[in-house]
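# Summary of structural features
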Amino acid sequence: MATIEKISNKISRRTFLAGSVNAGLFMGFGGLLGGCTEQEAVQSLSLPEADLSKVFSPAVWFNMNAQGEVVINIAKAEMGQHVGTALARVVADELGADWASVSIEHVDTDPKWGYMVTGGSWSVFTSFKLLSQAGAAGREVLLDAAAALLGVDRSMCSAANGMVTAGDQSISYADIVARGDISRSFTQEQLDALPLKPASARTLVGKPTKALDIPAKSQGEAVYGIDAELPGMVYATPLMPPTRYGSKINNIDDSAAKAIFGYQQTLQIEDPSDNLQGWAVVIADSFPTALKAAAVVQVDWAAGDTAEVSEADIFAAGEALARDAQQGALVVDDGDVAAAHAAAEDTHEAVYRTGTALHFALEPVNALVEFTDGKCHIHSGNQWQSLILPALASALEMPETDIVIHQYYLGGGFGRRLWGDYMIPAALAAKQLGKPVKMLWQRADDSRMDCVRSPSVQLFKASLDADKNVTGIEHAAVAGWPTLTLAPGFLADGQKESGKYDTFSISGGDHWYSLSNHRVRAINNNLAQKTFLPGWLRTVGPGWVAWGVESFMNELAEKQGKDAIEFRLSLLDAAGKNSGKAPESVGGAARLAAVLKDVRERSPWGGELPSNEGLGVAVGSGQERTMPTWTAAVAHVAVDPQTKEISVKKIWQSIDCGTVVHPSGAMAQAEGAMLWGVSLALHEGTEFENGQVKDRNLDTYRPLRMSSVPELDIKFMPSEEFPTGLGEPPLIAIAPAIAAAVFAATGERVRDLPISIG
Amino acid sequence: MIKFKLNGKDVQSDSEGETPLLWVVRDELNYKGTKFGCGIAQCGACTVQIDGTPTRSCVIPVSAVADKDVTTIEGLNSPAGLALKQAWVSEQVPQCGYCQSGQLVSAEALLRSKSAPTDDDISRAMDGNLCRCMAYTRIRKAIKTAAQEV
Ligand code: FES
Ligand code: FES
């Protein structure tokens with residue numbers, strides 16, 4: 001929980017405020033600022049020139065006007081998950097609002113909105129309770145006001161569909177807002193005491209609805225960062241150094257570009273924040289002109305010292321680290337692995353690896369920046385505004401509070417836009433030029449400076465008794481760590497003072513199988529770390545950790561001659577630390593066992609298949625132990641005996657993410673994540689060559705296309721438990737399930753991702 | 001100066017003839033629905049129709065459309081186009097949405113050539129349109145839904 005708490009609960013004491021402002025009703029839930037009291041905050045609401053931002057930092061806030069229309073502000077990025085719809089449904093359900101009168105607004109950055117991040121599949125998980133309480137508090141305010149206006153006892157009043165009813169009288173929310181003079185506050189204790197609807201009384205949460213952002217996205221009308229424009233802007237594209245770190249520009253020769261009509265100049269970028277080392281920016285009248293010029297401007301660089309690093313070098317460094325027992329932070333240290341090893345009758349060892357993978361969000365990263373009124377205005381789609389603002393402040397040498405990021409739709413996030421580095425060169429160029437700069441990275445550059453998924457190496461050693469029962473597992477996982485470079489404050493402490501580690505990069509190592517002797521070490525690959533910027537790629541750590549853990553489980557089942565599902569069930573006893581914790585993991589490993597049994601029943605598991613075909617199984621419990629979504633997948637593959645080409649025919653997956661808030665959106669996330677799993681398993685991947693990623697565009701980097709899409713059979717387990725995350729977890733089990741199916745079809749054990757055989 | 005029809009209207013471009021049509025449409029004529037993804041005719045985000053044929057506008061010089069009819073998502077209002085836009089909503093197709101203009105423009109040409117496309121027809125016609133969010137299952141389903149409506 002530690003990490004999520006740091007991100008979601010910056011303010012520990014929260015207050016709910018409701019007040020009549022400008023003929024409407026403001027309702028917000030958040031922290032009081034500057035030592036002001038609840039009473040002062042409420043009073044400041046009713047002042048004609050109310051500057052609420054000085055006294056209140058709402059984590060959730062919405063307005064209702066005198067027509068009863070509700071605008072719910074969304075501080076999360078919209079990147080395909082229809083997050084605004086899901087969050088607004090939670091508020092509106094408790095509020096008793098009429099859904100037809102609800103709209104959403106994605107807000108720009110402002111310190112008053114508190115910590116802004118969209119990632120980790122956290123949005124619903126971290127906001128569900130806050131949103132529910134905020135909606136419930138709003139409903140109480142309206143009920144109280146209605147009772148006074150109708151002259152009835154409060155206990156007679158009930159709220160639904162934007163109306164309060166008391167006996168045969170009723171009054172609409174619109175009328176209450178128009179007639180009421182409301183100013184109220186609730187303390188955290190009062191909020192905690194508010195009645196929340198039982199699942200059976202919900203009218204919006206868990207019910208089918210259409211996402212609010214879809215119509216615009218079906219007409220070409222949704223506005224993305226790339227679509228933003230300002231009068232007087234110039235177009236720009238960067239010239240990138242040969243290494244991420246340590247490159248210096250010796251000389252820039254733009255004589256050939258000067259012949260291009262519309263070329264303006266090439267700026268050398270000095271970045272006080274040191275995020276950009278050896279960058280230049282080409283400025284032109286149009287984007288195609290900037291591209292044309294960028295192709296002929298000659299930059300002479302002195303490259304940094306990683307200019308020759310290859311994928312093989314990074315793997316070799318990783319394996320050496322994994323084999324050095326002194327390395328790494330202890331993440332799990334249960335029982336005595338060494339003793340189990342010494343007593344073992346047999347052992348089994350395997351090394352699992354994953355190669356470099358790109359985000360390849362379809363909208364290349366971009367930003368439009370203007371300095372005006374002493375402020376820096378950035379127009380760009382971003383997932384983690386609170387991470388990039390300090391970096392921008394140090395690059396621009398101006399206070400964070402003078403920088404505003406205006407949010408747009410994101411043409412794909414997948415973790416790429418958690419790091420807003422693409423705003424920095426645009427902002428520095430705009431500052432230098434004194435005019436608005438619209439910067440777009442061409443695709444190959446977007447890939448080259450992507451914060452890629454790090455190559456990873458994992459070493460597993462199992463000790464077995466005479467019957468091949470597992471008596472212990474030692475696991476070492478080595479990779480570049482996103483959090484180490486980008487957010488070192490979020491690193492966790494290993495056990496027994498073994499040092500710091502990136503929880504995101506080992507998540508899934510601390511799985512839900514009961515093992516009496518189990519040790520997990522998380523190790524940073526320092527060669528990876530200095531060659532590139534490791535990033536968070538959809539499903540992050542479990543994307544490589546579970547590849548190893550689940551594949552190794554399949555190997556151990558095979559070794560024991562046991563069915564891979566039976567073998568897992570024997571370890572999923574939900575005992576001790578695996579019994580789970582309320583509310584987020586109530587039931588523990590028993591829920592993982594339940595989805596596994598469910599998928600066994602729904603798939604032809606154990607049945608006969610034609611030759612060269614096979615079924616494989618794997619499970620997931622991502623994103624973290626503290627927010628598990630329970631998944632189990634069975635994949636059916638066919639392998640061409642001649643070409644060895646692998647095709648996935650069908651995947652069954654059973655998913656338990658607790659309460660499903662927005663069913664169609666949840667299903668879409670599951671579909672997308674599962675196909676991402678197929679794509680990363682079989683279709684896409686690159687490698688480092690001369691210090692940079694080799695495959696930079698779709699001619700050689702080849703994500704899954706329509707013709708290779710397998711049939712998907714997805715089931716959400718009916719549940720009223722606390723909602724967990726969904727954007728990433730359904731990806732986790734896919735690659736190991738496919739690899740197991742390939743083994744079943746061919747007898748070939750695959751240990752490298754992406755998978756290829758023959 | 002190059003003259004052509006964009007979504008049924010006469011337009012002209014002052015850009016140099018070799019300028020990719022994509023940037024003329026987006027930045028000069030200000031139709032932003034058409035998107036940039038790869039720049040090498042491999043993702044389909046920039047798909048427009050030239051005289052009814054789906055074409056990757058990122059690699060077509062504007063000079064090549066002189067006197068031709070260019071249709072973008074904004075002008076995709078044939079019966080098939082409207083049915084598709086509606087099916088995109090009823091089947092809840094878009095995720096991030098960035099690829100969807102290109103998907104719709106490709107799908108409309110498919111439906112005009114085949115009123116009841118098979119799965120293979122759909123795969124063939126749509127394989128050049130990458131959906132990074134991988135909304136493929138719903139794209140396929142919505143094309144079939146739209147085909148029944150036309
Ligand atoms: S931008 Fe034209 S096909 Fe990708
Ligand atoms: S919906 Fe995001 S790329 Fe297709």
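All values derive from a computational prediction rather than experimental measurement. The residue numbering used here restarts from 1 in each chain and proceeds along that chain's sequence as written. The order in which chains are written sets their letters, starting at A; the order in which ligands are written sets their numbers, starting at 1. Restriction of local features to residues with pLDDT of at least 70 applies here, the model being predicted, together with a cutoff of 80 or more for giving and counting side-chain atom pairs; totals for whole chains, interfaces and linings are based on all residues. The side-chain quantities take in all heavy atoms of the structure and omit both hydrogens and water.

Only DSSP runs of H or I reaching four residues or more are called helices, and only runs of E reaching two or more are called strands; each is numbered from the N terminus. If you tally the helices and strands in chain A, you get 20 helices and 34 strands. The reference for a compact globule is 2.2 Å times residues^0.38; the radius of gyration itself is calculated from the C-alpha atoms. Here the C-alpha radius of gyration of chain A, 27 Å, is about what a compact globule of 758 residues would show, namely 27 Å. In terms of overall dimensions, chain A has C-alpha extents of about 80 × 70 × 50 Å along its principal axes. Burial classification: accessible surface area is computed with a 1.4 Å probe over protein chains only, and a residue below 20% of its type maximum counts as buried, one above 50% as exposed, and the rest as partly exposed. Buried residues in chain A amount to 63% of all 758 residues. Should any heavy atoms of two residues lie within 4.5 Å, those residues are considered in contact. Excluding contacts between residues fewer than 6 apart, the proportion of contacts in chain A whose partners are at least 24 apart in sequence is 78%. The protein chains shown are the only cover counted for residues, whose accessible areas, like all others here, come from Shrake-Rupley with a 1.4 Å probe. Accessible surface, chain A: about 26300 Å² in total, of which carbon and sulfur atoms supply 48%. Looking at chain A, you have 61 positive and 89 negative side-chain charges, and the mean spots of the two groups are 2 Å apart. This count recognises Lys and Arg as positive and Asp and Glu as negative, with His and chain-terminal groups excluded. Every charge is mapped onto a representative atom, which is NZ of Lys, CZ of Arg, CG of Asp or CD of Glu.

Tallying secondary structure elements over chain B gives 5 helices and 5 strands in all. The order of α-helices and β-strands along chain B, N terminus first, is β-β-α-β-β-β-α-α-α-α. Taken over C-alpha atoms, the radius of gyration comes to 15 Å for chain B, in line with the 15 Å a tight globule of 150 residues would show. Counting only C-alpha atoms and orienting by the principal axes, one finds that chain B spans roughly 40 × 30 × 25 Å. Here chain B holds 150 residues, and the buried ones make up 60% of them. In chain B, the proportion of contacts linking residues at least 24 apart, taken out of those at least 6 apart, comes to 57%. Accessible surface, chain B: about 5500 Å² in total, of which carbon and sulfur atoms supply 47%.

The next point concerns the sheet that holds strand β22 (residues 470–479) of chain A. All names here are of chain A. For two strands to count as paired, DSSP must find a minimum of two bridges between them. Read across the sheet, 6 strands follow the order β15-β25-β22-β21-β16-β34 without closing on themselves; strand pairing throughout is mixed. Two strands in the sheet have a free side with no partner beyond their single neighbour: β15 (329–334) and β34 (752–753). With 7 bridges connecting them, β22 and strand β25 (residues 518–524) associate as parallel partners. Counted as the bridge partner of Glu 474 is Arg 519 from β25.

Another aspect to go through is the packing of helix α3 (residues 100–113) of chain B against helix α5 (residues 136–149) of chain B. All names here are of chain B. Contact geometry for α3 and α5: axes closest at 11 Å, N-to-C directions at 40°. Put simply, α3 runs oblique to α5. Helix-helix and strand crossings are classified by hand; for α3 and α5 the assignment is right-handed. Contacts between α3 and α5 involve Gln 100, Gln 103, Ala 107, Leu 110 and Leu 111 from the first element and Ile 139, Ile 143, Ala 146 and Ala 147 from the second. Axis lines are fitted through C-alpha atoms, for helices just across the contact stretch, and the angle between N-to-C directions can take any value from 0 to 180 degrees. Relative orientations are named as follows: roughly parallel for angles under 35 degrees, roughly antiparallel for angles over 145 degrees, roughly perpendicular for angles from 65 to 115 degrees, and oblique for any other angle. Crossings are classed by handedness, with left-handed meaning an anticlockwise turn of the near helix from the far one by less than a right angle and right-handed meaning a clockwise turn.

Every contact between the two is made by 50 residues of chain B and, on the other side, 59 residues of chain A. Summed over both partners, the accessible area lost on bringing two parts together, with a 1.4 Å probe, is the buried area. When chain B packs against chain A, the two sides together hide about 4300 Å² of surface, and 57% of this comes from carbon and sulfur. What makes a salt bridge here is a side-chain nitrogen of Lys or Arg within 4 Å of a carboxyl oxygen of Asp or Glu, nothing more. Inspection of the region where chain B meets chain A yields 6 salt bridges. Between Lys 292 of chain A and Glu 18 of chain B there is a salt bridge, and its shortest N-O distance comes to 2.4 Å. In protein, a polar contact requires one atom able to donate a hydrogen and another able to accept it; more generally it is a pair of N or O atoms within 3.5 Å, and residues adjacent in sequence count only if both atoms are side-chain atoms. Taken together, chain B and chain A are joined by 27 residue pairs in polar contact (both at pLDDT 80 or more).

Here we come to the domain arrangement of chain A. All names here are of chain A. Boundaries of every domain are those given by an automatic assignment or by a domain database. You can read the domains of chain A as domain 1 (3–217), domain 2 (225–305 + 365–440) and domain 3 (312–356 + 452–753). Relative placement of domain 1 and domain 3: their C-alpha centres are 39 Å apart. Each partner contributes residues to the interface: domain 1 has 26 residues there, and domain 3 has 27 residues. Of the roughly 1900 Å² buried where domain 1 meets domain 3, counting both sides, 67% is carbon and sulfur surface.

Residues and elements named next belong to chain A. The element helix α17 (residues 564–571) is largely enclosed, with a buried count of 6 among its 8 residues. Inspection of α17 places Ala 564, Ile 565, Phe 567, Arg 568, Leu 569 and Leu 571 among the buried residues, and these make up the whole buried set. Looking at the packing, one finds that the buried side of α17 touches β22, α16 (540–560), α18 (589–602) and β26 (613–620). Its side-chain oxygen at 2.8 Å from the backbone nitrogen of Ile 565, Asp 563 defines the N-terminal cap of α17.

Here we come to the side chain of Gln 49 of chain B. Residue and element names in this part refer to chain B. Within the fold, Gln 49 resides in strand β3 (residues 47–50). Within the structure, the side chain of Gln 49 is placed 2.8 Å from the side chain of Glu 108, a separation counted as a polar contact. Residue contacts for Gln 49: discarding those within four places in its chain leaves Pro 54, Asp 69, Val 70, Thr 71, Leu 76, Val 105, Glu 108, Ala 109 and Arg 112.

This brings us to the sheet that holds strand β5 (residues 69–71) of chain B. All names here are of chain B. Within the open sheet, the 5 strands sit side by side as β2-β1-β5-β3-β4. Their pairing is mixed. Strand pairing shows two members of the sheet lacking a second neighbour, β2 (9–13) and β4 (53–56), which therefore form its edges. Neighbour-to-neighbour, the strand axes of this sheet turn through a mean angle of 40°, independent of strand direction. Both β3 and β5 contribute to a ladder of 2 bridges, which runs antiparallel. The residue of β5 that forms the bridge with Ile 50 is Val 70. In this fold α3 packs onto β3 and β4, with an angle of close to 40° to the strand it touches most, β3.

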